[in-house]
Structures are given as C-alpha cells and as structure tokens.
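# Architecture at a glance
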Amino acid sequence: MASQNRPTDWLLLSAVLLVAGALMLTQNQPLVRTLRAQAMGWTAQVESTFAWVGRYLRVLERNNELRRENIQLSSQVARTRDVRQRNDELRRLLDLTDTTDAPLRPARIVTKDIFQKENFLILDVGTADGVAEGMPVVHEQGIVGTVVLTNEHYARVMPFLNTDFRVPGTILPLRAEGIVRWGGERLDRLQLDHVVKTEPVEAGQRVVTSGHSSTFPPGRRIGTVDSVAAPTGRSELDISLRPAVPLYEIGHAVVILRESPPQQRALQEPSAR
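What you see is a predicted model, and the numbers here were worked out from it, not measured in a lab.

## Some points on the overall build of the chain
- Regarding its fold elements, the chain presents 3 helices and 12 strands.
- Split into buried and exposed, the 273 residues of the chain put 32% on the buried side.
- Taking the intrachain contacts of the chain between residues at least 6 apart in sequence as the baseline, contacts between residues at least 24 apart amount to 59%.
- Element-wise, carbon and sulfur atoms account for 54% of the exposed surface of the chain, whose accessible area totals about 17,500 Å².

## Re the sheet that holds strand β5 (residues 155–159)
- As summarised here, the arrangement of the 6 strands in space is β1-β2-β5-β4-β3-β12, forming a closed barrel in which the pairing is antiparallel. Ignoring strand direction, the axes of neighbouring strands in this sheet form an average angle of 45°.
- Sheet topology places strand β2 (residues 120–123) next to β5; 3 bridges connect them, and they run antiparallel. Across the sheet, residue Leu-121 finds its bridge partner in β5, namely Val-157.

## Thoughts on the packing of aromatic side chains
- This structure, assessed with the given rule, holds 1 aromatic pair.
- Centre to centre, the rings of Phe-165 and Phe-216 are 6.3 Å apart; their planes meet at 75°, and the pair counts as edge-to-face. Of the two residues, Phe-165 sits in the loop between β5 and β6 (167–172) while Phe-216 sits in the loop between β9 (206–209) and β10 (221–229), which places them 51 residues apart along the sequence. Here the two residues Phe-165 and Phe-216 agree in accessibility, since each one is buried.
- The positively charged end of Arg-156 is found above the aromatic ring belonging to Phe-120, 3.9 Å away from the centroid.

## Here we look at the side chain of Gln-191
- With respect to the secondary-structure elements, Gln-191 resides in strand β8 (residues 190–193).
- Taking the relative accessible area as the measure of exposure, Gln-191 reaches 19% and is therefore buried.
- In this structure the side chain of Gln-191 is engaged in a polar contact, spanning 3.3 Å, whose partner is the backbone oxygen of Ile-239.
- In contact with Gln-191, not counting residues within four places along its chain, are Ile-179, Val-180, Arg-181, Asp-238, Ile-239 and Ser-240.

Scoring rules and cut-offs
Residues numbered from 1 in each chain as written. Predicted model: local features only at pLDDT ≥ 70, side-chain atom pairs only at ≥ 80, totals over all residues. Heavy atoms only, no water. Helix = DSSP H or I, 4+ residues; strand = E, 2+ residues; numbered from the N terminus. Buried < 20%, exposed > 50% of the residue type's maximum accessible area, 1.4 Å probe, protein only. Contact = heavy atoms within 4.5 Å. Areas by Shrake-Rupley, 256 points an atom, 1.4 Å probe, with all protein chains shown as cover. Pairing = 2+ DSSP bridges. Axes fitted to C-alpha atoms, helices over the stretch in contact; angles between N-to-C directions. Phe/Tyr/Trp six-rings, centres within 6.5 Å; stacked < 30°, edge-to-face > 60°. Lys NZ or Arg CZ within 6 Å of the ring centre and 35° of its normal. Polar contact = N/O pair within 3.5 Å; in protein donor to acceptor, adjacent residues only side chain to side chain.

Structure follows, in structure tokens:
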C-alpha cells in the first residue's frame, strides 16, 4: 500500500509547495523586494561585464584604425618631404651659373652604382639634349664627374668616386695645386697628391678645380682638407679631403654643355704613330 500511494504523495507535496510559494510571493512583499533587488544586482553585474568587453573590443578596433591612419600619414609626410627636398635641389640647380657662360642641362640620376671601384651614374639626358662625351657634370655643391658614354636619351658618368677619375685641384687661399683622386676605400674621403711639403696646408681649407683641364672650368668646389700628414722620406704631403658633394644622397645633377676647343683636344691626345 505504501508503494502504491507514493506518486500521490509526491503530487500532493508539489501542490503544497506551489501554494506555499505563491502565498509567500503574494503576501511577503519584503522578501519579494529583496529577491528582486538581488536579481537586479546580478543582472547589472553581468550586463556590466559584457559592456566592458564590448568597450574593450571597440577600443581595440579604434586603435587599429588610428594605427593605419598614422602609417598612411607618416608615408604621406615622408613622400612630401622627399618631394620638397628634390624640388629644393632642382631649384638650386636651376639657379646654378657657370663661369664660362656655357649652357646647362639639368638631369635626374636614374642609376647610381657607388659600391665598387669603378662606380658610375646614369643620367636621363643624352645626345638629343646636347650632351656629349667629355662634358663635366656638377651639382650646386661642387663637381660630380665626367660624361664617358652617351646615347640619344641617356648618359653614363664617371663620378669622382671612381679609381680612374682625376681632376686638377687648387688649395685656397694658398693656390697650391695637385691632382685629386679617389683611393677606392672610403666614400667620404678623397686624396690630393703632388703637393710639396713646403706648402702650409691646413685642415679646413677649400679645394677647387684649377682650370688646368679640358673638362672642368676653374673654381668648382671639389672638397675640404680633412687631414694633412708629412710622411718620412717623401717630399709630398699626404692630404685627405672631404668631398663637397655627398654623392650617395643627391638625386639630380647638371651637365655643363662645354667642350674643349679642337686645338686643345688635339694637343691632349697622344700622337698618332
């Protein structure tokens, strides 16, 4: 009998509990308010947690947007600075004047190879622009090199950073003369040879082209004396120069459309045998 009445007992117990819960909720208002307050607190805490996660995700997304904008702005600033520097360089080159009154041809350096012994530059001007072999190439800061090969639209230049390059130079204000060359090692140093020990050469003195050449007109800057030594057993000074033109930085140059007179070229060429 006890086992047969057990389902009935469970039903009666459930009914009693439901009635008791209903009476408690309808009659005991303080308890209901307490339960509601606790439920609201739990709900608010959960909502606050999810709201913080949402704010964190929005902040991350905004940071990514700002980072992308910063990269774009930095790239634009770099391009603008590069364009401004090139424009300033071109403006100075256009203002460049030649003491021989020869016409000038501005050019862009399209290829620059200065990491070996026989370095070279390629300019975007050629025979169609009046450029010929043997013409000097300069920058507003000083000499660059000599045109050695041309076609209709391009010219190959031997820069002063080439072991085959030579140019007569004069030390100012001494007027002492020598031959400037590159030793093939440091890109920021040149050598001035054949200056005798009796010359009072000092660091800081300027060296310019002497004009004793069929290529460069006189007075073009070559560099500045960096160091002077008097080796034992030699009659000449060991003079190191800092080049006037930072060849690895410039992007433009000017060709002086200047050719030596035929009589001078004939005297400089070796006699035919």
